[in-house]
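Each chain is listed here by its residues.
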Amino acid sequence: MIHTFAKNDIAQNIYQLVTELYPICRSITGNGVRETLKIINQHIPLSVHEVPTGTHVFDWTVPKEWNIKDAYIKNSQGKKVVDLANSNLHIVNYSIPVDQKLSLEELKAHLFTLVDYPDWIPYHTSYYQETWGFCLSHNQYLELNDQEYEVFIDSSLEPGHLSYGEYYIPGESTDEVLISCHVCHPSLCNDNLSGIAIATFIAKYLSQTTPRYSYRFLWIPGTIGSITWLALNEAKVNNIKHGLVLTCLGDAGNFTYKKSRRGDTEIDNIAAYVLKKSKQDYEIIDFFPYGYDERQYCSPGFNLAVGCLMRSPHNCFPEYHTSADDLNFVQPQYLAESFFQCSSILDILNNNQIYYNQNPKCEPQLGRRGIYQAPNGHQDSKLNQMAILWILNLSDGQHTLLDIAERSGISFDVIKYAADILLAHDLLASKNN
């Protein structure tokens, strides 16, 4: 299973992918997304979908495609005082083409800074309103004096496509687990290169197995991407039984799990169990209709069992949507911890079956089957006698293995091992059989 892979190898591999993706100027459409998907495709064979501008997706319309080649502000001496080449965040994402000269007063209406963090560049977008702007550190802003400035933005905003990546792993069942992450942010590591990279390696390792559930991975632009996928794939939605949105998983913050809209689904219960057993500080928060794409998957017309796994939630760390969310802010060890927390959730989900006791009238005689814990010990040191008794007692077609682990206080791995022994001796039968 996934958790058997070496932590150091996973840490470095995930961080290396984050590093490779960091320089790309992404948006909700355009060549930056395609370049990102092309790099992911080096790890797993993605299906890349191109949805034309103007496609109606529920109450939305796929927007024009945006691409940018260059952008800068020059002072009257011809010196570039703001330059896209220095940071992808300098340009307001989706800025229209501009080539004009402005006074400082005219220019200020198009400038954005962070007064409280004067060395950081903020991240701003204007996806659905045709305008333009630049983001810069407040210290840069204070250096601007009253003179004429040349503003140049070499961008295009025209009919094209919205691109997203999809990867499907067939399992023993057609019931699906959805793993989703947004790919639209330029040069922001925690939000969300961390989710992109972790999803890629989860998919890579699951592809080497035959899981019980089928898995559908989506690398999509935020909001419009999930709306587009849902609108174009309504026939597949009923197969989705569980799901996770992955984001903000590379910082040092405590783990946070945001429940699905229903709040008591299997994925919600498993995530809470894994975080509790991790012996690290964590927080479980209720669903609210803001945040990432979980709010689309959990909209009332779909109401899917999709939660969101994070470390520090959006807007809860000062580096959020700033140039400080860089390669120093995320670290390999935190990415690896997040990978293993996510894989633990999926491992339990994969194994959390419901069984029937085949000998429900009183306890079966375990000794003659060689699975009774003798007073002088048992050759199988991993076999827990109380786990066997709890499983036999609660395997009535109503309780999952997680239910049994939580009620007994015995770890899920021990419960699962004991269940496998009982299955091998025909003392249990799967509810699905």
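1. Some remarks on the sheet that holds strand 5 (residues 80-83)
(1) Moving on: Pairing within the open sheet is antiparallel, and its four strands lie in the order 5-4-9-6. Sheet topology places strand 5 and strand 6 (98-103) at the edges, where each strand pairs with a single neighbour. The average angle at which neighbouring strand axes cross in this sheet is 20°, direction not considered.

2. Some thoughts on the environment of Asp 326
(1) Moving on: Topologically, Asp 326 is positioned in the loop between strand 16 (306-310) and helix 10 (332-351).
(2) Moving on: Excluding its chain neighbours within four sequence positions, the residues that come into contact with Asp 326 are Tyr 22 and Cys 189.

3. Topic: the pattern of salt bridges
(1) Moving on: Summed over the entire model, instances satisfying the criterion amount to nine salt bridges.
(2) Moving on: A salt bridge links Lys 258 to Glu 294; its shortest N-O distance comes to 2.7 Å. You can see Lys 258 sitting in strand 14 (residues 255-258) and its partner Glu 294 sitting in helix 9 (residues 294-297), a full 36 residues away along the chain. For the pair shown, Lys 258 and Glu 294 are each scored as buried.
(3) Moving on: Asp 420 serves as the salt-bridge partner of Lys 416, at 2.8 Å between the closest nitrogen and oxygen. Of the two residues, Lys 416 and Asp 420 are both situated in helix 13 (residues 412-424); the distance of four residues between them amounts to about one turn of the helix.
(4) Moving on: Relative accessible area serves as the criterion here: at 33%, Asp 420 is assigned to the partly exposed category.

4. Looking at the pairing of strand 14
(1) Moving on: Neither face of strand 14 is left uncovered, since the one carrying Phe 255 and Tyr 257 and the one carrying Thr 256 and Lys 258 both have all their residues buried.
(2) Moving on: In this sheet, strand 15 (residues 282-285) lies alongside strand 14 in parallel orientation, the contact comprising four bridges. Across the sheet, the residue bridging to Thr 256 is Glu 283, located in strand 15.
(3) Moving on: Following the backbone out of strand 14, through helix 8 (residues 266-277) and into the adjacent parallel strand 15, one traces a crossover that is right-handed.
(4) Moving on: Bridge analysis of strand 14 against strand 16 gives three bridges, and the strand direction is antiparallel. Residue Lys 258 lies in a different strand from strand 16, and its bridge partner there is Cys 308.

5. Thoughts on the side chain of Thr 265
(1) Moving on: Structurally, the position occupied by Thr 265 is in the loop between strand 14 and helix 8.
(2) Moving on: With relative accessibility at 6%, the residue Thr 265 sits in the buried group.
(3) Moving on: Among the polar contacts made by the side chain of Thr 265, one reaches the side chain of Asp 268 at a distance of 2.8 Å.

6. Observations concerning the sheet that holds strand 19 (residues 428-430)
(1) Moving on: A sheet is described by the order of its strands in space; here three strands give the open sequence 18-17-19, paired in antiparallel fashion. In this open sheet, the two strands that pair with only one neighbour each are strand 18 (396-400) and strand 19. Going across the sheet, the axis of each strand differs from the next one's by a mean of 40°, ignoring polarity.
(2) Moving on: The pairing of strand 17 (residues 354-357) with strand 19 spans three bridges and is classified as antiparallel. Each bridged residue has a counterpart across the sheet, and for Asn 357 the counterpart in strand 19 is Leu 428.
(3) Moving on: Taken strand by strand, helix 12 (residues 401-408) contacts strand 17 and strand 18, and its axis lies near 70° from that of strand 18.

7. Topic: the environment of Asn 351
(1) Moving on: Of note, Asn 351 is situated in helix 10.
(2) Moving on: Placed 138 residues apart in sequence, Asn 351 and Tyr 213 show a C-alpha to C-alpha distance of 9.8 Å.
(3) Moving on: Sequence-distant contacts of Asn 351, that is, excluding residues within four places in its chain, are made with Arg 212, Leu 401, Phe 412 and Lys 416.

8. Description of the nonpolar core
(1) Moving on: Of all hydrophobic cores here, the largest spans 80 residues; its most connected members are Phe 217 and Trp 219.
(2) Moving on: It is helix 5 (residues 189-206) that contributes the most residues to this core, eleven residues altogether.
(3) Moving on: Grouped together as the second largest cluster of nonpolar side chains are 59 residues, Val 92, Val 98, Leu 218 and Ile 227 included.

9. A look at the side chain of Gln 147
(1) Moving on: Position of Gln 147 among the secondary structure elements: in the loop between helix 4 (138-143) and strand 9 (148-158).
(2) Moving on: Looking at Gln 147, the relative accessible area reads 16%, which means it is buried.
(3) Moving on: A distance of 2.5 Å separates a polar atom in the side chain of Gln 147 from a polar atom in the side chain of Ser 76.
(4) Moving on: The contact partners of Gln 147, leaving out residues within four places of it in the chain, are Asn 75, Ser 76, Gln 77, Leu 102, Ser 103 and Leu 104.

10. Comments concerning a negative patch on the surface
(1) Moving on: On the surface, Glu 105, Glu 106, Asp 146 and Glu 148 cluster together into a patch of negative charge.
(2) Moving on: Its place among the elements puts Asp 146 in the loop between helix 4 and strand 9.

Cut-offs used in this document
Residues numbered from 1 in each chain as written. Predicted model: local features only at pLDDT ≥ 70, side-chain atom pairs only at ≥ 80, totals over all residues. Heavy atoms only, no water. Pairing = 2+ DSSP bridges. Helix = DSSP H or I, 4+ residues; strand = E, 2+ residues; numbered from the N terminus. Axes fitted to C-alpha atoms, helices over the stretch in contact; angles between N-to-C directions. Contact = heavy atoms within 4.5 Å. Salt bridge = Lys/Arg side-chain N within 4 Å of Asp/Glu carboxyl O. Buried < 20%, exposed > 50% of the residue type's maximum accessible area, 1.4 Å probe, protein only. Right-handed = clockwise from strand over helix to strand, strands pointing away. Polar contact = N/O pair within 3.5 Å; in protein donor to acceptor, adjacent residues only side chain to side chain. Core = buried A, V, L, I, M, F, W, Y, C linked by side-chain atoms within 4.5 Å. Patch = residues over 30% accessible without salt bridge, like charges linked within 9 Å, V, L, I, M, F, W, Y side chains within 5 Å. Areas by Shrake-Rupley, 256 points an atom, 1.4 Å probe, with all protein chains shown as cover. Lys, Arg positive; Asp, Glu negative; His and termini not counted. Charge placed at Lys NZ, Arg CZ, Asp CG, Glu CD.

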